[in-house]
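Here are the chains, one letter per residue:
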Amino acid sequence: MSFIKLFPSIPLSRIRENFNHLWFVIILVFVFTSKIDSRTIEVHEGESIQKAIDSLEKGDTVKVFPGVYHEFLFVDKTHFTLSGVIVDGKWPTLDGEGRLNDGVIGSGANFLIENFHVKNYKANGVMTQGAGNIIMRKLIVENTGIYGIYPTMGINVLIEDTVSLGIADAAIYIGMCHNVDVRRNEVYGSVIGIEIENSTNVLIEGNTVYDNSAGIVAFALPGLPLKKVENVIIRKNFIFDNNHRNFAEPGALVAGVPPGIGIGVMAGDEVTIEDNIIRRNSFAGIGIGDNNLLPNSKSPDPDVEPNPDRNKILENVFIDNGVRKWNDLMSWLFYVIRIIFSGNPIPESPNGGKVGIFPDGYDVVASGKGKDNCLIAPDSVTKIGTSGYGLCNPKETTEKIKTMIGDPKQGEAKSDARELGKQVFGAVCSGCHSMTIRTVGPPIKEIQEKYKKDIYGVVSFASMPKKVREGFIEMPSQKYLGNEKLTAVSNYILNLKDEGSKGVTK
Ligand code: HEC
């Protein structure tokens with residue numbers, strides 16, 4: 001697609017300079033809808049959406065009318081729009097009835113998904129894998145298992161005006177992406193509201209985030225193909241009452257996240273927190289820590305720098321964080337009991353904090369080391385563990401940065417075929433499997449020990465998983481990936497080197 005054709009009077013360099021969020025939306029919507037030979041395919045209740053998707057050609061639009069569709073949609077195409085039509089307030093609904101794994105999985109590039117109510121799936125609501133230049137907006141995602149809206153390995157991703165609730169891990173989960181905007185979404189009733197994991201250049205703005213166990217978190221985890229969280233702005237969000245009971249699968253990584261956190265940063269760098277209203281989060285309005293907070297911190301990844309560095313807490317409104325009501329105490333008690341029964345140690349309390357089952361709560365809780373972190377108004381907040389924090393420069397606001405979405409060319413870059421296994425691992429399996437630690441599924445190390453060189457064994461398990469372990473969810477089938485991708489990824493994981501052990505065998 002050429003932008004010069006669309007805007008003949010504007011030189012390309014100017015467009016790049018001025019490229020911002022609005023342009024991105026306008027250009028993409030224009031591109032999606034402007035092709036002369038593009039078609040619009042209508043789907044009405046009783047018909048199959050997947051069938052329409054399978055017939056998609058470049059530039060086409062699928063319009064889905066209100067009704068209930070019990071489907072899993074898989075799209076691996078470029079330049080298309082999948083759009084619900086809302087009539088008299090009635091939305092098209094994708095309902096997995098608690099038996100299907102995923103609502104929508106999209107790969108490819110340059111597409112827009114909007115106006116769907118997605119509910120009752122077991123794994124993910126709307127997931128994209130290795131996709132670039134994508135917009136997901138106006139979605140209601142409800143009770144869809146582990147993740148709600150979940151782009152992974154994406155470049156140039158915009159998520160806006162969605163509502164997600166009832167998710168057992170992260171309602172919006174940015175996994176290993178670059179250049180992401182998450183704007184004006186409402187997320188509640190989930191374990192994590194919005195999670196940024198091993199991703200760079202992310203703007204989280206104008207979201208309403210409440211009644212989760214933790215509101216917004218940015219984690220750099222070991223054992224994944226991308227190694228850091230860097231350059232994140234968390235701005236102008238309403239983050240309140242995130243004291244929900246942590247209902248993650250016991251033993252899953254996020255089951256270790258204590259309830260009562262507004263914003264949490266673990267090993268993240270250059271995270272700027274500005275102009276948020278942060279209210280009544282009973283453990284920490286903002287918590288910043290290092291990778292020692294992980295349950296299995298003894299097998300670090302030498303390529304993940306474990307400390308939080310260069311993070312800034314600028315002007316925010318803090319009200320009544322660390323204050324506990326009866327319900328908050330119950331959430332905490334439930335958490336402690338679960339942690340004890342899962343055999344994990346209770347996370348250590350922050351620097352100098354009282355060790356105890358009920359640690360005090362504060363506006364800002366910091367733990368571990370880390371360089372060049374700052375607070376703009378330390379005297380105005382209740383805090384602990386921040387003695388190593390400097391004063392932020394009041395002139396350094398993020399005002400000038402309007403978007404993190406970058407050059408669309410990056411998002412269209414084609415993948416190298418030899419890298420297929422790595423790509424599929426990054427885009428799909430790594431959502432639940434890390435090299436060294438248990439996230440949702442068992443670590444790759446354990447899979448390697450069990451399967452040795454049996455690539456076919458992994459392929460057949462991944463296409464038809466059975467229940468093996470107590471205390472794990474059943475792994476959702478990956479059959480839709482097809483044999484080529486499954487073989488490539490199985491080969492990749494069985495030969496993946498345990499980089500983590502380099503760090504401990506000295
Ligand atoms: C939504 C989360 C999720 C995703 C995505 C996922 N897995 Fe799993 N996987 C699990 C869970 C949970 C288990 C443990 C299941 C059990 O023990 O009952 C598991 C177990 C496994 C096992 C061990 C089976 C055994 O015999 O012990 C293999 C092999 C495996 N996964 C491969 C893969 C591959 C390959 C991919 C990517 C194509 C993948 N998984 C994607 C969650 C996931």
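Relevant structure appears above.
I will try to describe carefully the structure that is included in this document. Fair warning: this is a prediction, and the values are worked out from it, not measured in the lab. (Residues numbered from 1 in each chain as written. Predicted model: local features only at pLDDT ≥ 70, side-chain atom pairs only at ≥ 80, totals over all residues. Heavy atoms only, no water.)

**Things to note about the overall build of the protein**
(1) Moving on: Of regular secondary structure, the protein possesses 11 helices and 30 strands.
(2) Moving on: Buried positions account for 56% of the 506 residues belonging to the protein.
(3) Moving on: Sequence-distant contacts in the protein: of pairs separated by 6 or more residues, those separated by 24 or more amount to 59%.
(4) Moving on: Per element, the accessible surface of the protein, about 21,600 Å² overall, is 55% carbon and sulfur. (Helix = DSSP H or I, 4+ residues; strand = E, 2+ residues; numbered from the N terminus. Buried < 20%, exposed > 50% of the residue type's maximum accessible area, 1.4 Å probe, protein only. Contact = heavy atoms within 4.5 Å. Areas by Shrake-Rupley, 256 points an atom, 1.4 Å probe, with all protein chains shown as cover.)

**What to know about the state of the cysteines**
(1) Moving on: This model, assessed by the stated rule, comprises one disulfide.
(2) Moving on: Between the sulfur atoms of Cys374 and its disulfide partner Cys392 the distance amounts to 2.1 Å. With the S-S bond torsion at 105°, the cross-link from Cys374 to Cys392 turns out right-handed. In this pair, Cys374 sits in strand E28 (residues 374–375) while Cys392 sits in the loop between strand E30 (390–391) and helix H6 (408–412), placing the two residues 18 residues apart along the sequence. Here Cys374 and Cys392 have matching classes, each one buried. (Disulfide = S-S within 2.5 Å.)

**Here's the deal with the environment of Gly189**
(1) Moving on: Assignment of secondary structure puts Gly189 in the loop between strand E14 (186–188) and strand E15 (192–197).
(2) Moving on: For the pair Gly189 and Ile167, spaced 22 residues apart in sequence, the C-alpha to C-alpha distance is 7.2 Å.
(3) Moving on: If sequence neighbours within four positions are ignored, Gly189 has contacts with Leu165, Gly166, Ile167, Tyr210, Asp211, Asn212, His244 and Phe247.

**Re helix H9 (residues 455–463)**
Side chains of residues three or four places apart in an α-helix project in the same direction, reflecting 3.6 residues per turn.
(1) Moving on: Buried within H9 we find Gly457, Val458, Val459, Phe461, Ala462 and Ser463.
(2) Moving on: Where H9 is buried, its residues touch helix H8 (444–451) and helix H10 (482–495).

**Overview of empty space enclosed by the protein**
Empty space left among the atoms is revealed by rolling a probe the size of a water molecule over them.
(1) Moving on: Evaluated as defined, the whole model comprises three cavities of 30 Å³ or more.
(2) Moving on: Space inside the largest cavity adds up to approximately 630 Å³.
(3) Moving on: Cys432, His433, Phe461, Met475 and Pro476 are the residues nearest the centre of the largest cavity, which is lined by 40 residues in total.
(4) Moving on: Breaking the lining of the largest cavity down by element, the ones donating at least two residues are strand E6 (102–119), strand E7 (124–129), strand E9 (147–152), H8, H9 and H10.
(5) Moving on: Space inside the second largest cavity adds up to approximately 80 Å³.
(6) Moving on: Lining the second largest cavity we find 13 residues, and of these Tyr147, Glu197, Leu253, Gly431 and Thr439 sit closest to its centre.
(7) Moving on: A domain-level breakdown of the lining of the second largest cavity finds at least three residues from each of domain 1 (177–414) and domain 2 (415–502). (1 Å grid on protein atoms, 1.4 Å probe; cavity = no way out; pocket = protein on both sides within 12 Å on 5 of 7 lines; lining within 4 Å. Points joined across faces, edges and corners; volume = space filled by probe spheres on them. Domains from an automatic or database assignment.)

**A look at the coordination of the iron atom of the ligand**
The expected angle between donors at a tetrahedral four-coordinate metal is 109.5 degrees. At an octahedral six-coordinate metal it is 90 or 180 degrees.
(1) Moving on: Every protein donor of the iron atom of the ligand is listed here as His433 (NE2) and Met475 (SD), and their distances to the metal cover 2.0 to 2.1 Å.
(2) Moving on: One way to put it: the six donor atoms around the iron atom of the ligand meet at angles of 87 to 180°, and that makes the site octahedral. Remark: Met475 occurs in the loop between H9 and H10 and His433 occurs in the loop between helix H7 (420–427) and H8; sequence separation between them is 42 residues.
(3) Moving on: Assessed through its relative accessible area of 24%, Met475 is described here as partly exposed. (Donors = N, O, S within 2.8 Å, 3.2 Å for Na, K, Ca; no water. Tetrahedral: all angles 85-135°; square planar, octahedral: opposite > 155°, others 65-115°.)

**Here's the deal with the packing of aromatic side chains**
(1) Moving on: Tallying each qualifying case throughout the model produces 12 aromatic pairs.
(2) Moving on: Taking 5.6 Å as the distance between ring centres and 70° as the angle between the ring planes, the aromatic pair formed by Phe72 and Tyr480 counts as edge-to-face. Here the residue Phe72 occupies a position in the loop between strand E3 (67–69) and strand E4 (73–84), and Tyr480 occupies one in the loop between H9 and H10, the gap between them amounting to 408 residues.
(3) Moving on: Judged by its relative accessible area of 26%, Phe72 falls in the partly exposed class.
(4) Moving on: Given the relative accessible area of 18%, Tyr480 is considered buried.
(5) Moving on: Both rings, one in Tyr210 and one in Phe240, keep their centres 5.1 Å apart while their planes meet at 5°; by these two values the pair is stacked. On the criterion of sequence distance, the pair formed by Tyr210 in strand E17 (residues 208–210) and Phe240 in strand E20 (residues 238–240) is long-range, its members being 30 residues apart.
(6) Moving on: Note on Phe240: relative accessible area 26%, which makes it partly exposed.
(7) Moving on: The structure contains a cluster of three or more aromatic residues connected by ring pairs, namely Phe72, Phe74 and Tyr480.
(8) Moving on: Arg245 extends its terminal NZ or CZ atom over the ring of Phe334, reaching a point 4.5 Å from the ring centre. (Phe/Tyr/Trp six-rings, centres within 6.5 Å; stacked < 30°, edge-to-face > 60°. Lys NZ or Arg CZ within 6 Å of the ring centre and 35° of its normal.)

**Section: the packing of H9 against H10**
(1) Moving on: One can describe the packing of H9 onto H10 by two numbers: an axis separation of 9 Å at closest approach and a directional angle of 125°. Taken together, H9 and H10 sit at an angle that is classed as oblique. The way H9 lies across H10 gives a crossing that is right-handed. Contacts between H9 and H10 involve Ile455, Val458, Val459, Ala462 and Ser463 on the former and, on the latter, Asn483, Leu486, Thr487, Ser490, Asn491, Ile493 and Leu494.
(2) Moving on: Looking at the contact of H9 with H10 residue by residue, the classes come out as seven nonpolar, five polar and no charged. (Axes fitted to C-alpha atoms, helices over the stretch in contact; angles between N-to-C directions. Parallel < 35°, antiparallel > 145°, perpendicular 65-115°, else oblique. Left-handed = near helix turned anticlockwise from the far one by under 90°. Nonpolar A, V, L, I, M, F, W, Y, C, P; charged D, E, K, R; others polar.)

**Structural notes on the pattern of salt bridges**
(1) Moving on: In total, this model carries 16 salt bridges according to the counting rule given.
(2) Moving on: For Glu160, the salt bridge identified is with Arg184, shortest N-O distance 3.2 Å. Of the two residues, Glu160 sits in strand E10 (residues 155–160) while Arg184 sits in the loop between strand E13 (178–183) and E14, which places them 24 residues apart along the sequence.
(3) Moving on: A relative accessible area of 42% means that Arg184 is categorised as partly exposed.
(4) Moving on: Glu205 is the salt-bridge partner of Arg183, the closest N and O atoms lying 3.2 Å from each other. With Arg183 in strand E13 and Glu205 in strand E16 (residues 200–205), this residue pair connects regions lying 22 residues apart in the sequence.
(5) Moving on: Among the residues examined, Arg183 registers a relative accessible area of 8% and is labelled buried.
(6) Moving on: For Glu205, a relative accessible area of 14% puts it in the buried group.
(7) Moving on: Through salt bridges with shared partners, a single ionic network connects Glu114, Arg137, Glu160, Asp161 and Arg184. (Salt bridge = Lys/Arg side-chain N within 4 Å of Asp/Glu carboxyl O.)

**Section: the side chain of Thr152**
(1) Moving on: Mapped onto the elements of the fold, Thr152 is located in strand E9.
(2) Moving on: Of note is the side chain of Thr152, whose polar atom sits 3.4 Å from the backbone oxygen of Gly175.
(3) Moving on: Those residues within four positions of Thr152 in sequence are excluded, and the remaining contacts are Met127, Thr128, Gln129, Gly130, Ala131, Gly175, Met176, Cys177, Gly426 and Ala427. (Polar contact = N/O pair within 3.5 Å; in protein donor to acceptor, adjacent residues only side chain to side chain.)

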